[in-house]
Amino acid sequence: MTLKKWARQKYVSVYSKILKEKASPEYIARGWAIGMFYGCLIPFGLQLICSIPTAFLLKGSKIGATLGTLLTNHFSIFLIYPAQCYVGSRLLGGHLSYAKIESALNEVLENQDWESLFSLGGELLASFFLGALLLTVVMTPITYFGVLHLVRRYRSLKEKKRLLRESGTPS
């Protein structure tokens, strides 16, 4: 299977999960926004611990809260985390280079221990979370309103097709 075919299959699968969940569009969109919020803000590995309880508290889709965290996954963190650290560093007025950030984060991912994480230093950690906050502020509303639009559009088209079938008019 080619990468393009695999990616399309995954996209269709997620798209289908968004649209076919049996709940209100707002409930579905809220869950996805919760997942995106934690997927952007909280470091990889801790997101589900936060997103699922929040989805229960805020009455959002648990499926969306789970899948929404997948913005940061085993593949994307190698692009997203260094970029958000770089942006955060620039916002703080720091002088961290992209190469230095990437090297430090790769060490944390290789060792996967708290010592490596804390050895990054305050500037890099502050840059990480400031960049994450910016990504969160941008992506959470986009996710909420995007999913809300997709679900409403899908259901509207589905209802139009149902009405056409019932009236006997060919589509």
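Details of the structure are given in the entry above.
Residues numbered from 1 in each chain as written. Predicted model: local features only at pLDDT ≥ 70, side-chain atom pairs only at ≥ 80, totals over all residues. Heavy atoms only, no water.

> Which parts of the structure should I look at to understand the overall build of the protein?
In terms of helices and strands, the protein carries 8 helices and 0 strands. Each helix (α) and strand (β) of the protein, taken in turn from the N terminus, gives the series α-α-α-α-α-α-α-α. Here the C-alpha atoms of the protein give a radius of gyration of 20 Å, more than 25% beyond the 16 Å that 2.2 N^0.38 yields for 171 residues. The principal-axis extent of the C-alpha atoms belonging to the protein is close to 70 × 40 × 30 Å. A burial count over the protein gives 33% of its 171 residues as buried. Once local pairs closer than 6 in sequence are excluded, the contacts in the protein between residues at least 24 apart make up 69%. For the protein, the exposed surface amounts to about 10,800 Å²; the carbon and sulfur share of it is 67%. For the protein, the separation between the mean place of its 20 positive charges and that of its 10 negative charges on side chains is 18 Å. (Helix = DSSP H or I, 4+ residues; strand = E, 2+ residues; numbered from the N terminus. Rg over C-alpha atoms; globule rule 2.2 N^0.38 Å. Buried < 20%, exposed > 50% of the residue type's maximum accessible area, 1.4 Å probe, protein only. Contact = heavy atoms within 4.5 Å. Areas by Shrake-Rupley, 256 points an atom, 1.4 Å probe, with all protein chains shown as cover. Lys, Arg positive; Asp, Glu negative; His and termini not counted. Charge placed at Lys NZ, Arg CZ, Asp CG, Glu CD.)

> Would you mind showing me how to read a negative patch on the surface here?
Where like charges cluster on the molecular surface, the negative patch consists of Glu107, Glu110, Asp113 and Glu115. Here Glu110 shows up in helix α6 (residues 98-111). (Patch = residues over 30% accessible without salt bridge, like charges linked within 9 Å, V, L, I, M, F, W, Y side chains within 5 Å. Salt bridge = Lys/Arg side-chain N within 4 Å of Asp/Glu carboxyl O.)

> Please clarify how the nonpolar core should be interpreted in this entry.
In globular proteins that are soluble, nonpolar side chains generally tend to be buried together. Counting residues in each nonpolar core, the largest one holds 12 residues, listed as Ile77, Ile80, Tyr81, Cys85, Leu96, Ile101, Ala104, Leu105, Val108, Leu120, Leu124 and Phe128. Looking at this core, the elements with two or more residues in it are α5 (77-92), α6 and α8 (122-167). Those residues in contact with Tyr81 that lie beyond four places of it in its chain are Ile42, Pro43, Phe44, Gln47, Thr72, Leu105 and Phe128. Ranked by size, the runner-up nonpolar core spans 8 residues in total, among them Ile18, Leu19, Ala29 and Trp32. (Core = buried A, V, L, I, M, F, W, Y, C linked by side-chain atoms within 4.5 Å.)

> Looking at this model, I keep getting lost on the packing of helix α1 (residues 3-20) against α8. Mind explaining?
A pair of packed helices is characterised by two quantities: the angle between their axes and the separation of those axes. Remark: α1 packs on α8, axes separated minimally by 9 Å, with the N-to-C direction vectors making an angle of 75°. Considering the angle they form, α1 stands roughly perpendicular to α8. In contact with Tyr15, Ile18, Leu19 and Lys20 of α1, α8 contributes Val147, Leu150, Val151, Tyr154 and Arg155. Of the residues assigned to the contact of α1 with α8, the class counts are 7 nonpolar, no polar and 2 charged. (Axes fitted to C-alpha atoms, helices over the stretch in contact; angles between N-to-C directions. Parallel < 35°, antiparallel > 145°, perpendicular 65-115°, else oblique. Nonpolar A, V, L, I, M, F, W, Y, C, P; charged D, E, K, R; others polar.)

> Hey, could you run me through α6 in this one?
Because an α-helix completes one turn every 3.6 residues, residues spaced three or four positions apart along the sequence face the same direction. For α6, with 14 residues, the first-to-last C-alpha span of 20 Å sits near the 20 Å given by 1.5 Å per residue. Buried within α6 we find Ile101, Ala104, Leu105 and Val108. Along the long axis of α6, the arc covered by the buried residues comes to 95°, so they all point the same way. Looking at α6, the residues exposed on the side facing more than 90 degrees away from the buried face are Ala99 and Glu110. (Expected span 1.5 Å × (residues − 1). Arc of directions from axis to C-beta.)

> I keep staring at unusual backbone geometry and nothing clicks. Help me out?
Glycine aside, residues mostly have negative phi angles, and peptide bonds mostly take the trans form. The phi angle at Lys59 is positive, at roughly 55°, despite the residue not being glycine. Looking at the element boundaries, Lys59 is found in the loop between α3 (47-57) and α4 (62-68). Residue classification places Lys59 among the exposed positions, given a relative accessible area of 58%.

> Please explain the environment of Phe118 as it appears in this structure.
Tracing the backbone shows Phe118 in helix α7 (residues 114-118). Taking the C-alpha atoms as reference points, Phe118 and Val108, separated by 10 residues in sequence, lie 9.2 Å from one another.

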